[in-house]
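# Observations on chain architecture
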Amino acid sequence: MTLTLILEQTFNGLQAGVTLFLVAAGLTLILGIMDFVFLAHGAQVMIGAYAAAAITQATGNFFIGLGLAIPITFASGYLLELLIIRHLYRRDHMEQVLATFGLILFFNEAIRVGFGPAALYSDLPPALSGFVEILPDTPYPAYRLGVIAVGLMCALAIHLFVSKTRIGAMVRAGANNPEMTAALGINIKILFRLIFATGACLAGVAGMMLGPLTSVQPGMGEPLLILSLVVIIIGGIGSVRGAFIAAIIVGLVDTLGRVFLPSILRLFFEQATADGAGPALASMLVYILMAVVLIFRPTGLFPAKG
Amino acid sequence: MKKLMTICAVTAAMTVAPAMAETVKVGYMTTLSGGAGIIGKQMQNGVELAMEHKGGKLGGMDAEIIYADDQRKPDVAKQLANRLLKSDRVDIMAGVIWSNLLMAIHKPVTRSGTLLISSNAGPSPIAGDQCHENFFSMSWQNDQTPGGMGQYMQDAGIKSVYLMAPNYQAGKDMLAGMKRYYKGDIAGEVYTKLGQSDFQAELSALRAAKPETTMIFQPGGMGINFVKQWKQAGMDKVSKLYTVFSVDGVSLPALKDSALGILGTQTWSPDLDNAINKKFVADYKAKYGGYPSFYAAQAYDTILAIDHAIAKSGSKETAKMRAALAAGNIPTTRGVLNMNTNHFPIQNVYLREVVKDADGVVTTKIINTVFKDHGDAYAVNCKF
């Protein structure tokens, strides 16, 4: 367990964390500001990945794929809100769960009809397929560093947007007290639609970044959805800052736990016991973390509502 | 989603059919929805191609295939099996991708006096002490394929190996099967999360461990993810990769060139040199536009076995078909197969390499026969 390995795993955790943040950022606003339970956020990840992979394949250029996929995911989020979601705001949470669960099935099936059930081919852009030496003798994939950079840039942009702009002030006000915000004459309907579309777009960006790393297939976003719900609960519902910090924590805990827990357990138990319990315990770690946070801070680390 | 998809493979005969013509009904269970839907689709393709080759008849009898989508859920599989047996009154049950689903329906189907023929799953209990005479496998026992890999690595004089598999029963079985034949050093044994999509953390740890070789079992989408990330991380310079059930006709279209040179064991390959396999592969490519996977080949073989059983016995009675299958000599894409005492095939296990064919399409090629006429280790525990 050398220092370079720990550093490399920290980068891995960071990369997982920023990807999670991109998914969780939109979701925390949708849940916190709009008070809307949206389970189909993973579908936005899938739409982003498919759009980028398909356009990349057609044009042969990863960056054109990325450039066109971003407006596509924004538009898909915008249309989804306009056609379906806005009719569900007044319904209770259980009905929202049912309706958005239905949307998951719909999107997965639509992708299957459009692209077939097989995974889509997608690979690294040649420009980013090399390695960067983060330390002597420790090559790290350039693309993954790129993912970290894009994630951090998005986080910074969202932070500036929310804290410095007029619309950002409305978003913060909306998160704090939606009724009062509406009463002050802010067009909350348009605000909701823009938040929703932006959230969809951010999740789409996560999908686009993941496309070259993982298999682009129907239902690929669902595992991320569960983890991003954990992130939102730890960070505090409605708080973008909370989502960022929680996403990094969850990414690091999950990654470092997965790699180091079995070898740590081996110090205390027999090999067979450690090999059996290690992976099981590692996959529980983030949920244990969530439970601990809920015990001491029931509203999360950075609650948005005062 | 729970609806049964009924596709009548019977086309109305233009001539007058004999008045007493019998129809044989086959219930074919596989996973057609969800992330594993591609596997079920390949199996369905294999079944349909076999029916086409047999002119819509099985052993000369009119035939009907009833497809059932198990959704990869054991409880759904059990319900569907019940329905196929009691309301559709099928003569034979076949298909099943997953070991845990096969375990769920094994007892109810075999005890009802209906033949159950697996096109894929081969868990050890039903090959050993829980075996039943009404069950046949047209695939393999789970241990056979990784066992072949272990034998190959042992023969190749490999000194140490790092093992990686998902943390569930089949993952542990596969590694156990490998270790039965490989006696060298185990540099590490890592169990990943089932359905894991990012292996970068495991790859970093592997890079630090620097094992001579690495052997993985990562089926389906996990295999695509693992191999992609392995190549992207430049791991070929660190360790040599060996695989079982991770790189196949299902994942190769998504991996393309990045999978070239990867080694794996399998009981079938598209380049197996026999007349049945050549016709199967050529017609499959023509009809579905791409190489079949071993799933499709085993589904095709399942229908061939049913055809053989009915033609040999001249009947669709369970006891007579069973005797015909147990007698072996079943023509398949893997050549003529004989059955072990536990009704699992005695067959070869090949080492395959990922190569490009003459048209530049990525596929697998046999480079070595590791096991010849190999029977599984559990047959000795099976008493009907």
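Residues numbered from 1 in each chain as written. Chains lettered and ligands numbered in written order. Predicted model: local features only at pLDDT ≥ 70, side-chain atom pairs only at ≥ 80, totals over all residues.

### Quick notes on the overall build of chain B
Along its length, chain B carries 11 helices and 16 strands. Relative to the globule expectation of 21 Å for 384 residues, the C-alpha radius of gyration of chain B, 21 Å, shows essentially globular dimensions. Taking the principal axes of the C-alpha coordinates as reference, chain B spans close to 70 × 45 × 40 Å. A total of 384 residues make up chain B; the buried ones form 58% of that total. Counted over contacts in chain B with a minimum sequence separation of 6, partners at least 24 positions apart contribute 73%. (Helix = DSSP H or I, 4+ residues; strand = E, 2+ residues; numbered from the N terminus. Rg over C-alpha atoms; globule rule 2.2 N^0.38 Å. Buried ≥ 20, exposed ≤ 12 C-beta atoms within 10 Å, placed from the backbone. Contact = placed C-beta atoms within 7 Å.)

### Structural notes on the overall build of chain A
Within chain A one finds 11 helices and two strands. Helices and strands in chain A line up, N terminus first, as α-α-α-α-β-β-α-α-α-α-α-α-α. Relative to its length of 306 residues, chain A is compact, with a C-alpha radius of gyration of 20 Å against a globular reference of 19 Å. By the burial criterion, 50% of the 306 residues in chain A qualify as buried.

### Overview of the interface of chain B and chain A
Each side of the interface is counted separately: chain B has 30 residues, and chain A has 34 residues. Looking at the side of chain B that touches chain A, the elements that each hand over two or more residues are α1 (37-53), β9 (185-192), α6 (200-209), α7 (221-232) and α8 (252-255) of chain B. Taken together, the residues of the side of chain B that touches chain A sort by class into nine nonpolar, 14 polar and seven charged. (Nonpolar A, V, L, I, M, F, W, Y, C, P; charged D, E, K, R; others polar.)

### Describing the domain arrangement of chain B
All names here are of chain B. Its domain assignment divides chain B into domain 1 (5-140 + 272-339) and domain 2 (144-266 + 349-378). The C-alpha centroid of domain 2 is placed 28 Å from the C-alpha centroid of domain 1. Each side of the interface is counted separately: domain 1 has 17 residues, and domain 2 has 16 residues. Breaking the side of domain 1 that touches domain 2 down by element, the ones donating at least two residues are α1 and α10 (294-313). No other element matches the three residues that α1 contributes to the side of domain 1 that touches domain 2. In the side of domain 1 that touches domain 2, the residues fall into 10 nonpolar, seven polar and no charged. (Domains from an automatic or database assignment.)

### As for the packing of α1 of chain B against α10 of chain B
Residues and elements named next belong to chain B. Where α1 contacts α10, the two axes come as close as 7 Å, and the packing angle between them is 40°. α10 is crossed by α1, and the crossing has right-handed handedness. The segment α1 lies against α10, with I39, Q42, M43, N45, G46, V47, L49, A50 and M51 engaging Y295, A296, A297, A299, Y300, I303 and L304. Of the residues belonging to the contact of α1 with α10, the class tally is 13 nonpolar, three polar and no charged. (Axes fitted to C-alpha atoms, helices over the stretch in contact; angles between N-to-C directions. Left-handed = near helix turned anticlockwise from the far one by under 90°.)

### Remarks on the packing of helix α2 (residues 41-59) of chain A against helix α3 (residues 62-83) of chain A
Residues and elements named next belong to chain A. The contact between α2 and α3 brings their axes to 8 Å, and the two run at 145°. For the pair α2 and α3, the sense of crossing is right-handed. Contact residues: α2 offers Q44, I47, G48, A51, A52, I55, T56 and T59, while α3 offers F62, I64, G65, L66, L68, A69, I72, T73, S76 and G77. Among the residues forming the contact of α2 with α3, the class breakdown is 10 nonpolar, eight polar and no charged.

### Describing α7 of chain B
All names here are of chain B. A rise of 1.5 Å per residue sets the reference length of α7, with its 12 residues, at 16 Å; its end C-alpha atoms lie 17 Å apart and thus fit the reference within 8%. If you check which residues of α7 are buried, you get G221, M222, G223, I224, N225, F226, V227, K228, Q229, W230, K231 and Q232. Phi turns positive one or two residues past the end of α7, at G234, with a value near 65°. (Expected span 1.5 Å × (residues − 1).)

### Some points on the confidence of the model for chain B
All names here are of chain B. Considering every residue of chain B, the mean pLDDT works out to 90; 95% of them sit at 70 or more. Here residues 1-19 is a poorly scored stretch, pLDDT under 50, and it has 21 contacts once near neighbours within four places are set aside; other chains count. Reported for the predicted complex are a pTM of 0.84 and an ipTM of 0.81. (pLDDT = per-residue confidence, 0-100.)

### A few points about the environment of Q196 of chain B
In this fold, Q196 of chain B is placed in the loop between β9 and α6. The buried category is assigned to Q196 of chain B, around which 20 C-beta atoms lie within 10 Å.

### Observations concerning unusual backbone geometry
Residues and elements named next belong to chain B. One non-glycine residue with positive phi stands out, namely V96, at about 75°. Structurally, V96 can be placed in the loop between β5 (92-95) and α3 (99-111). On the basis of neighbour counts, which here come to 30 C-beta atoms within 10 Å, the residue V96 falls in the buried class.

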